Structure formats: C-alpha cells, structure tokens
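# Breakdown of the fold
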Amino acid sequence: MTQDPNVEAQVAPTEVGANAAEAGDRAVMTEPHDAYSDHEVITPHAVDGHVASRLDPDAPAVLEVEDLKMYFPVKSSGLVRRTIGHVQAVDGISFQVPKGGSLGLVGESGCGKSTTGRLITRLYQPTGGSMMFEGQDLAKLSNREMKPLRRDVQMIFQDPYTSLNPRHTVGAIVGAPLAVHGVVPKNKILSRVQELLEVVGLNPEHYNRYPNEFSGGQRQRIGIARALTLNPKLLVADEPVSALDVSIQAQVINLLQDLQKEFDIAFLFIAHDLAVVRHFCPEVAVMYLGKIVEIADRETLYSKPYHPYTQALLSAVPDVKQAAIGGRRERIRLEGDVPSPINPPSGCRFRTRCSLAQEICAKVEPPLLQIGPRHKVACHFAGELGQHPVAPVTAGLLGVDDHGSPTSSGPAATPLTSGPGYEKEWFDVKSRQMTSGAAG
Amino acid sequence: MSDSSPLQLSDRPPEAEGHLLQVEDLHVDFHTRDGVAHAINGVDLHLDAGETLAVLGESGSGKSVTAQAIMGILDMPPAAIPTGRILFRGQDLLTMPDEERRAVRGPGIAMIFQDALSSLNPVFPVGWQIGEMFRVHRGLNRSDARSAAVRLMERVNIPAAKQRVNAYPHQFSGGMRQRIMIAMAIALEPSILIADEPTTALDVTVQAQVMDLLGQLREESGMSLILITHDLGVVADIADRIAVMYAGSIVESAGVHDLYRRPGHPYTEGLLQSIPRLDMKGEELFAIKGLPPNLLRMPEGCPFHPRCHRVRDVCRVDEPALREVRPGRRSKCHFAEEVLDE
Ligand SMILES: Nc1ncnc2c1ncn2[C@@H]1O[C@H](COP(=O)(O)OP(=O)(O)OP(=O)(O)O)[C@@H](O)[C@H]1O
Ligand SMILES: Nc1ncnc2c1ncn2[C@@H]1O[C@H](COP(=O)(O)OP(=O)(O)O)[C@@H](O)[C@H]1O
Ligand code: SF4
Ligand code: SF4
Ligand SMILES: [Mg+2]
Ligand SMILES: [Mg+2]
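Each chain carries its own residue numbering, running from 1 in the written order of its sequence. In the order they appear in the text, chains get letters beginning with A and ligands get numbers beginning with 1. A pLDDT threshold of at least 70 governs which residues receive local features in this predicted model, and a stricter bar of 80 or more applies before side-chain atom pairs are shown or counted, although totals over entire chains, interfaces and linings include all residues. Hydrogens and water are ignored here; the side-chain numbers use all heavy atoms of the structure.

### A closer look at the overall build of chain A
Threshold: Each helix is a run of DSSP H or I of at least 4 residues and each strand a run of E of at least 2, with the numbering of both proceeding from the N terminus. Think of it in three bands: residues with accessible area under 20% of the maximum for their type are buried, residues over 50% are exposed, and the middle band is partly exposed, with areas taken using a 1.4 Å probe on protein chains only. The contact definition used throughout considers only heavy atoms, calling two residues in contact when any of these lie within 4.5 Å.
Scanning chain A from N- to C-terminus turns up 14 helices and 14 strands. Considering chain A as a whole, with its 440 residues, one finds that 56% of them fall into the buried category. For chain A, long-range pairs separated by at least 24 residues make up 64% of all intrachain contacts whose partners lie at least 6 apart in sequence.

Now the structure itself:
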C-alpha cells in the first residue's frame with residue numbers, strides 16, 4: 001500500500017454518510033498494523049481535503065447567548081470567610097452560533113474563554129443572562145431539566161492528560177454517557193463504542209485499554225469519541241489541540257472538521273492560537289477580561305480588525321511565512337499583563353495596555369457596536385490599523401463629548417448595543433451614520 | 001549601570017580555533033525496566049559566539065535530554081552516555097573533572113528549564129532567589145546582592161523592580177516569572193544560554209515579549225543562545241540556524257530562512273505543511289500520519305520511514321547518515337536532493 005495520503009484519497013473515495021455511525025455501516029479504511037507503534041492511528045476516512053465549514057449568513061442560530069455573566073465570589077482568608085469581591089470572569093457577553101457552523105473564541109489566558117464554555121455546558125450556573133438553545137433557556141433550567149439537553153451539548157476539554165479517568169477503560173469512558181442516558185440497550189453498548197472509536201481513528205479493539213496506554217493525540221481522540229457518543233448538536237471544544245504537538249495537532253483538527261461536516265455539529269471553538277482558529281472557524285470573537293471586544297467573520301477579523309487589542313494579538317502571532325522571505329514584521333508591543341478581573345479598569349478594560357487610550361476611555365465603556373454586515377467592535381477609536389480616528393466615533397451615540405463628559409443633547413436615538421445577532425443596518429464609523437451598505 | 005557592576009559584561013576574546021560549542025556523535029541511553037531506550041542517537045551540532053541556534057522537535061524527540069547532557073545535569077543512572085564528545089571552548093565537558101565542570105555551569109553555560117514556572121521556590125522572595133546567584137558565586141554581601149537583583153529585574157523589564165524585589169513568586173504573572181527565571185540564568189553572564197521551551201506555557205502576547213527580551217539580551221551581551229522549541233513559528237524571528245530533531249537524531253540543520261523557504265527533509269517538509277498559518281484561508285491541512293517511534297523498539301532503516309510520505313524500499317533497511325547536501329545544510333535522508341530540488 002502506498003504511503004502518500006493523496007494517493008490514498010484516489011484509492012478509497014470518501015464514505016461520508018450523514019448518519020453512518022448511527023446505522024453502523026461505515027466503511028472505515030484501516031492501515032496494516034505497524035510493527036513499530038502498536039497504537040498506530042488508523043486513518044479514519046479517506047483524505048478528501050478536510051474542508052473547513054463556511055459561513056452561511058442565513059443559517060439559523062443553534063445557540064443564542066445574551067448578556068451572559070459569571071461572577072465568582074472571592075473570599076477573605078481567615079476563620080470567617082466573607083465575600084470580599086468578585087472575579088468578573090465573564091461580564092455580559094452576547095453571541096450566536098449558527099447551526100452546523102463554528103464560532104471561534106480567542107483571547108489571552110484568564111480572559112474568560114473556558115468559563116464561557118463551562119457556562120454553556122452548565123458546569124457552572126450563570127450569574128446572569130440567557131443562553132437560548134432549541135427554544136429553551138439553558139441558564140434557567142434546573143439540573144434535572146438539563147439532563148435531556150446534556151445529550152445535545154457536549155464538551156471536549158483542554159487537557160487530554162487529566163480529563164480522562166485513569167482507572168477506567170476507554171470502553172467505559174466512551175460508553176458511560178450511553179449507559180447514563182439509557183439510549184441503547186446494555187448489550188449494544190460495546191458495539192456502539194467500537195464504532196465511535198473507529199470514527200475518531202482509533203483501533204476499536206483497544207476498548208479495554210486504559211488512558212495511560214495512549215499518547216496525547218490519541219487521548220484527545222478518546223475525549224472526542226466520548227463527546228460524540230450522544231450525537232450532540234453543539235460541541236464546546238476548549239483548546240482541543242493546544243496540548244498536542246504540531247504533527248498530531250493537524251491530525252486532530254482534520255478529524256474535527258470531518259466530524260463537523262459529517263454530523264452537522266455546531267462548534268464553539270475555544271483557543272488561544274489564532275492560526276488554528278482561523279483554520280477552523282468562519283466566525284471569530286475576541287475576548288478581553290470577560291468581555292467580547294470584537295466579533296466578525298473570519299476575513300474581516302484577520303485582514304481588517306478594528307480593535308487595537310485584536311490588532312496587537314494578531315501582530316504577536318509568530319509568522320513562519322515571514323521567516324521564509326527573511327522579513328521581520330513590526331510588532332505592536334503589548335506591555336504589561338492583563339489586569340485583575342477582580343478590579344477591572346473603569347471604562348474600557350483594555351485601556352491600561354492600549355496605546356490609543358484617551359480620557360474618554362477611562363470614563364465611558366465603549367459599547368459593542370455593529371459596524372459592518374457581520375462585524376462588531378467595542379472601541380471609542382475603532383478603525384483599521386494606522387487609521388484610527390482622532391475623535392471618538394462613539395461620542396455622538398453615547399451623548400458625551402470627545403472627553404467622555406455628558407453633553408446636553410443626550411444619547412442618540414439609534415439603538416446602541418445589539419443583541420447576539422446582526423442587524424440589517426449598522427453604524428458606519430467613517431461617515432458616523434447608520435447605513436445598510438447599499439449605497440457603497 | 002556602573003563599570004564595577006557585576007552585570008557588566010566583559011569583552012570576551014574571540015574563539016581562537018573551532019566552535020564555541022561542538023557536540024559530536026552524542027549518544028544517551030536510559031536504562032529502564034523494559035529495556036534500553038536510545039533517547040539520543042548520535043547528535044552533532046555546533047554553536048559559534050553570538051549565534052542563535054534553534055532546536056526543533058516533537059515531544060519526546062530528545063531536545064531536553066540533549067540540553068541536559070550539555071549542562072551535565074543528567075541523572076546517571078538511569079542515563080548513560082556511551083559515546084560522544086561535548087567540546088566547550090575546545091575542552092571536552094564529558095571527560096572534565098567534576099569540579100571544573102561545575103565551574104562551567106553558570107558563567108559558561110546556563111539554562112532556563114522547561115518547567116520554569118514551577119521551579120521558583122514559593123517560600124522565598126524572588127529578589128532573594130536572584131541574589132543567591134551573586135552571594136554564592138560572587139561572594140557579594142546581602143545588600144549588594146539585593147541591589148544586583150534589582151538591576152537584573154530591571155534588565156528583564158520587570159516594572160517597579162525596587163518595590164517588588166521582596167515579593168513572592170505567586171505575586172507575579174506567568175510571563176513575569178519566566179522573566180525572573182531568565183534573570184537568574186543570565187546573572188553570571190554566561191557565554192551560552194540554553195532556553196528549553198521558554199514560552200510554551202505562555203500566551204502569544206507574552207511569548208512575543210519573552211522572545212523580544214531574549215533577543216535584546218543577546219544583542220547587549222553577545223552571548224550565544226540555544227532555543228529549544230516544538231513550535232516552528234516562535235523561533236522564526238530570532239534564530240540564525242535551526243536543527244530539527246526526530247527520535248533522538250538531528251535530521252536536518254540549515255539557516256533559518258533556507259529551512260523555512262525550502263525544507264530538505266521529509267519530516268521538516270511535513271511539519272511546515274501541517275501548521276495552520278495566519279495567511280492561510282484554512283481549507284486543507286497536511287497531517288503527518290502516525291506517531292513518533294517507541295525508543296525501545298526503533299524501526300529498522302530510517303527512523304522516520306513508518307511515517308514518511310516519500311518512503312522507498314531502501315529506507316526500510318538502510319539508515320541514512322546526516323550529511324552535507326548543500327553548503328551550510330545537512331539532511332539525514334537518502335533523497336534529500338530530491339526534496340530540495342522539487
Ligand atoms: N529519566 C528518564 N528515564 C527514561 N527515559 C527518559 C528519561 N528522561 C527522558 N527519557 C526519554 O528520552 C526521550 C527524550 O526525552 P526529552 O525530554 O529529551 O524529550 P523532549 O524532546 O524534550 O520532549 P518535550 O517536547 O516533551 O519536552 C523520551 O522518550 C523520554 O521518554
Ligand atoms: N472556579 C473559579 N473560581 C474563581 N475564579 C475562577 C474560577 N474559574 C475561573 N476563574 C477566574 O476567571 C477568569 C477567567 O478564567 P477562564 O475562563 O479559565 O479563562 P481562559 O479560559 O480564557 O484562560 C480568571 O481570572 C480565572 O482565574
Ligand atoms: S476604547 Fe480606548 S482604551 Fe479601549 S481599545 Fe479603544 S482606544 Fe483603546
Ligand atoms: S530516508 Fe526515506 S524514509 Fe527516511 S526521510 Fe528520507 S525518504 Fe523518508
Ligand atoms: Mg482556558
Ligand atoms: Mg523537553
């Protein structure tokens with residue numbers, strides 16, 4: 001058998017059927033077993049170009065999150081542990097995940113990405129806000145009411161080394177959700193588990209092995225198989241490849257893309273690696289200190305970001321291509337560290353590290369403003385890199401002067417903060433007027 | 001900084017002959033219950049004064065073991081070095097008496113460890129820990145060691161160093177703790193600084209800060225750097241040369257731009273293709289199939305052959321040698337010329 005993956009593609013055309021795993025008739029290509037690595041990963045399907053999902057602007061939302069908040073209490077030390085403050089881990093975020101689509105969530109560590117994921121899967125009870133999923137508000141359901149929905153909303157965890165119980169066999173780990181939800185008869189569990197192992201490219205005969213007998217990349221596949229067990233509609237993937245080596249990372253990303261296409265799963269894809277997110281997600285939200293500061297379709301966010309934080313994040317990404325041509329990019333240096341979420345800065349939370357910050361930034365919080373058909377940004381001086389306006393674009397809308405002090409005319413009549421979705425009309429930052437884009 | 005400052009870097013004479021550091025045919029075995037693991041199988045590399053070498057490889061490829069062998073901090077047993085030479089300024093570190101070897105550590109070769117974030121002692125103030133370098137190696141008194149620590153903290157861009165010299169590690173962020181580890185490593189002005197994955201646990205923004213700092217320190221002091229990483233992108237800006245490791249051997253070495261422009265080994269080729277890039281529309285990702293080999297049961301022939309997309313019959317039986325395939329470029333592949341010429 002030839003070793004060239006592209007040749008494999010011609011030999012065995014893809015066998016992707018919508019419910020193949022359910023029907024149990026998947027034709028899975030196996031490689032001859034290799035003498036050197038007992039745990040050789042089996043190519044799950046023929047490689048037919050693992051195509052990333054595209055943005056479908058008309059796709060209905062499978063999840064609508066509005067003004068979601070999670071405040072963790074901070075206790076004093078000592079005998080009487082009083083609450084002396086709150087970590088505002090997530091502070092009023094809104095977004096949509098379209099059906100079968102994927103939204104990326106990026107930002108530095110501690111900005112609230114994992115907390116967001118854990119809220120959606122209801123590992124945490126939110127402090128406020130709503131999370132509409134299939135007509136029900138996940139935020140308001142009791143644990144008992146949540147149980148049937150847990151089947152539909154699953155999570156893949158960051159760390160393949162600690163997220164699997166070392167004392168349980170792979171079969172028990174992957175099969176547990178089936179037993180808990182009683183979806184298949186007991187005597188069918190094993191065969192379903194084996195199907196799932198095949199789907200994620202593991203040897204189905206390894207169901208009775210333990211997690212420590214697998215490599216990091218393989219453990220991540222076990223975690224993925226477990227998440228797929230109940231045919232979820234929404235998968236929250238929290239840094240699914242961050243702990244993996246580059247060569248294994250690519251295998252897992254390709255696998256997730258295949259599964260998404262095959263089973264029409266919507267993803268909330270959390271990662272701090274902007275290149276991985278660009279690869280996977282047609283739409284991306286950037287978080288900073290518990291807030292979304294910019295959200296847009298992939299092309300806009302990566303080629304024309306308007307928020308100084310997004311611009312700095314992108315410029316910090318190491319660039320292999322530049323190295324090839326011997327060029328060195330000018331980096332925007334982000335000085336200092338992320339401030340404490342217990343006492344976030346007033347006004348714009350990014351202002352302590354922002355080179356554009358002015359008086360108004362300390363006084364008034366910039367609203368997350370829709371500035372394009374699928375582009376929202378929260379910055380008083382929103383603009384393309386090097387073309388940020390001199391006067392705040394938000395002043396008129398907020399009813400303040402250029403320094404952030406209230407004016408007599410009051411705020412503009414235009415609705416400011418839109419909900420989780422996008423409006424047909426938006427605020428054009430250049431003309432500072434509402435537009436529908438029709439004229440230009 | 002005054003002339004008498006301990007941080008003042010002396011002008012070192014240029015190396016009269018040979019390289020500052022030269023590793024020749026280094027082998028490291030680990031004697032385990034299940035057998036002998038050949039973790040390092042004949043590593044050759046060299047480093048000149050002021051030069052930055054990046055060592056790139058996947059988890060388990062032997063980067064840290066190589067670095068530990070150079071530093072002389074391998075636990076033997078279980079480790080053993082059956083063959084090899086490590087020449088520092090022309091002298092073989094492996095045959096040197098222990099005492100001389102210890103004197104090289106610190107002022108000669110210093111290292112920042114992979115688990116740096118957890119290797120600061122939580123019960124001592126950071127300033128005290130940095131100062132210890134000066135107290136022990138330079139015999140400075142407490143207050144002089146303290147001021148030297150403050151100057152070092154300033155040098156690695158820790159804001160308000162004077163006020164924070166007495167703070168404890170947990171009061172610093174990950175990025176700052178990493179900078180403190182760097183401060184300790186450069187305290188004795190080493191000619192070679194080995195940084196083992198200095199930014200792996202950090203965010204991109206902090207990563208960029210730390211790499212900038214290492215670059216800046218190198219410019220200021222003229223020291224040589226060995227940067228160990230599994231991330232191709234991180235070292236792109238700062239390294240002069242790259243050595244790629246796979247299963248305990250160097251499979252390719254080249255100038256950084258040459259290697260990124262045109263890899264000369266199928267493994268490097270696969271790695272470069274499998275990283276998602278910012279400029280990529282993100283449609284298709286090449287994945288190297290399979291896993292790195294088990295070091296207890298290394299494959300016959302070329303160690304990469306079970307995963308290689310260019311494998312041919314000869315690869316299964318004949319192990320290729322690392323050889324010069326272009327001026328300044330070495331590759332451990334029978335078909336290196338083909339890879340380069342395509
Ligand atoms: N004390 C030890 N006993 C047995 N084997 C060891 C020991 N230390 C390292 N090894 C083995 O040597 C090989 C090389 O390890 P090394 O730590 O150098 O990898 P690395 O390239 O630094 O990987 P990473 O990117 O994960 O840090 C691995 O297979 C490892 O399991
Ligand atoms: N269980 C918890 N109790 C208190 N604070 C928490 C808890 N979980 C997370 N946090 C805090 O909330 C913030 C956001 O954390 P997290 O969502 O894990 O960030 P990210 O995933 O973006 O790195 C951090 O400041 C973190 O320390
Ligand atoms: S609102 Fe002000 S501080 Fe915040 S990002 Fe914009 S310019 Fe910077
Ligand atoms: S020697 Fe053969 S198997 Fe090894 S890297 Fe070269 S082509 Fe691949
Ligand atoms: Mg996280
Ligand atoms: Mg290591």
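And the narrative resumes.
### Observations regarding the confidence of the model for chain B
Residue and element names in this part refer to chain B. Stated precisely, the cut-off is as follows: Each residue carries a pLDDT score, the predictor's confidence in it, ranging from 0 to 100.
In the predicted model, chain B carries a mean pLDDT of 84, and 91% of its residues have values of at least 70. Element-level mean pLDDT values for chain B span from 82 in helix H7 (residues 204-221) up to 95 in helix H10 (residues 313-317). Within the model, the stretch residues 1-16 combines pLDDT values under 50 with 30 contacts to residues more than four positions away or in other chains.

### A look at the sheet that holds strand E3 (residues 52-57) of chain B
Either a parallel or an antiparallel arrangement is found when strands of a sheet pair, and the pairing is made through backbone hydrogen bonds. All names here are of chain B. What counts, and what does not: Paired strands, in this sense, are two strands between which DSSP finds at least two bridges. Only the stretch in contact is used when a helix axis is fitted, and all axes are lines through C-alpha atoms; the angle between N-to-C directions ranges over 0 to 180 degrees.
Spatially, the 8 strands line up as an open sheet ordered E7-E8-E9-E3-E10-E11-E13-E12, and their pairing is mixed. Both edges of this open sheet fall to strand E7 (109-112) and strand E12 (323-326), since each of them pairs with a single strand only. Between one strand axis and the next, the sheet turns through 25° on average, direction left out of account. Relative to strand E10 (residues 241-246), E3 is paired through 5 bridges, and the arrangement is parallel. Bridge pairing in E10 links Val55 to Ala243.

### Structural notes on the domain arrangement of chain A
All names here are of chain A. Here is the rule we go by: Marked domain ranges trace back to an automatic or database domain assignment. Values labelled buried area give the accessible surface lost by two parts on being combined, using a 1.4 Å probe and summing over both. By definition here, a salt bridge exists when the distance from a side-chain nitrogen of Lys or Arg to a carboxyl oxygen of Asp or Glu is within 4 Å. What qualifies as a polar contact is a pair of N or O atoms within 3.5 Å, subject to a donor-acceptor requirement within protein and to the restriction that residues adjacent in sequence count only when both atoms come from side chains.
Domains assigned within chain A are domain 1 (13-73 + 85-288) and domain 2 (345-436). Every contact between the two is made by 13 residues of domain 1 and, on the other side, 8 residues of domain 2. For the domain 1 face of the interface with domain 2, the top three residues by lost area are Gln96, Glu283 and Tyr288, together amounting to 49%. Joining domain 1 to domain 2, the criterion identifies 3 salt bridges. Between Asp91 and Arg349 there is a salt bridge, and its shortest N-O distance comes to 2.6 Å. Between the two partners, domain 1 and domain 2, sit 6 residue pairs in polar contact (both at pLDDT 80 or more). Among the secondary structure elements, those contributing two or more residues to the side of domain 1 that touches domain 2 are strand E1 (61-75), strand E2 (83-98) and strand E9 (283-288). A per-element tally of the side of domain 1 that touches domain 2 places E2 first, with 5 residues.

### Things to note about the pattern of salt bridges
Close approach of charged atoms lets side chains of opposite charge pair. Residues and elements named next belong to chain B. Inspection of the entire model under this criterion finds 28 salt bridges over all chains. Among the salt bridges present, the one from Arg155 reaches Glu220, with a minimum N-O distance of 3.1 Å. Taken together, the residues span a long stretch of sequence, with Arg155 in helix H4 (residues 142-155) and Glu220 in helix H7 at a distance of 65 residues. Relative accessible area serves as the criterion here: at 12%, Arg155 is assigned to the buried category. With a closest N to O distance of 2.6 Å, Glu319 and Lys332 form a salt bridge. Of this pair, Glu319 sits in the loop between H10 and E12 while Lys332 sits in the loop between strand E13 (329-331) and helix H11 (336-341), and the two are 13 residues apart along the sequence.

### Digging into the environment of B:Val210
Residues and elements named next belong to chain B. Tracing the backbone through its elements, the reader meets Val210 in helix H7. Val210 sits in the buried class, given a relative accessible area of 0%. For Val210 and Gln178, which are 32 residues apart along the polypeptide, the C-alpha to C-alpha distance reads 7.9 Å.

### Here's the deal with the pairing of strand E2 (residues 35-47) of chain B
Two faces, one strand: in a regular strand the side chains alternate between the faces of the sheet. Residue and element names in this part refer to chain B. As defined by bridge partners, strand E1 (residues 21-32) adjoins E2 across 10 bridges and the pair is classed as antiparallel. Across the sheet, residue Leu26 finds its bridge partner in E2, namely Val43. Hairpin geometry of E1 and E2 is characterised by an intervening segment of 2 residues between the two adjacent antiparallel strands.

### Re a nonpolar patch on the surface
Residue and element names in this part refer to chain B. Basically, it comes down to this: For patch building, the residue pool is restricted to those with more than 30% relative accessible area and no salt bridge; the joining distance is 9 Å between like charges and 5 Å between nonpolar side chains (Val, Leu, Ile, Met, Phe, Trp, Tyr). Where accessible areas are quoted, they stem from the Shrake-Rupley method and a 1.4 Å probe; at the residue level, only the protein chains shown are allowed to cover.
On the surface, a nonpolar cluster with roughly 260 Å² of combined accessible area is contributed by Val123, Phe124 and Trp128. Along the chain, the position of Val123 falls in the loop between E7 and helix H3 (126-138). You can call Val123 exposed: its relative accessible area is 54%.

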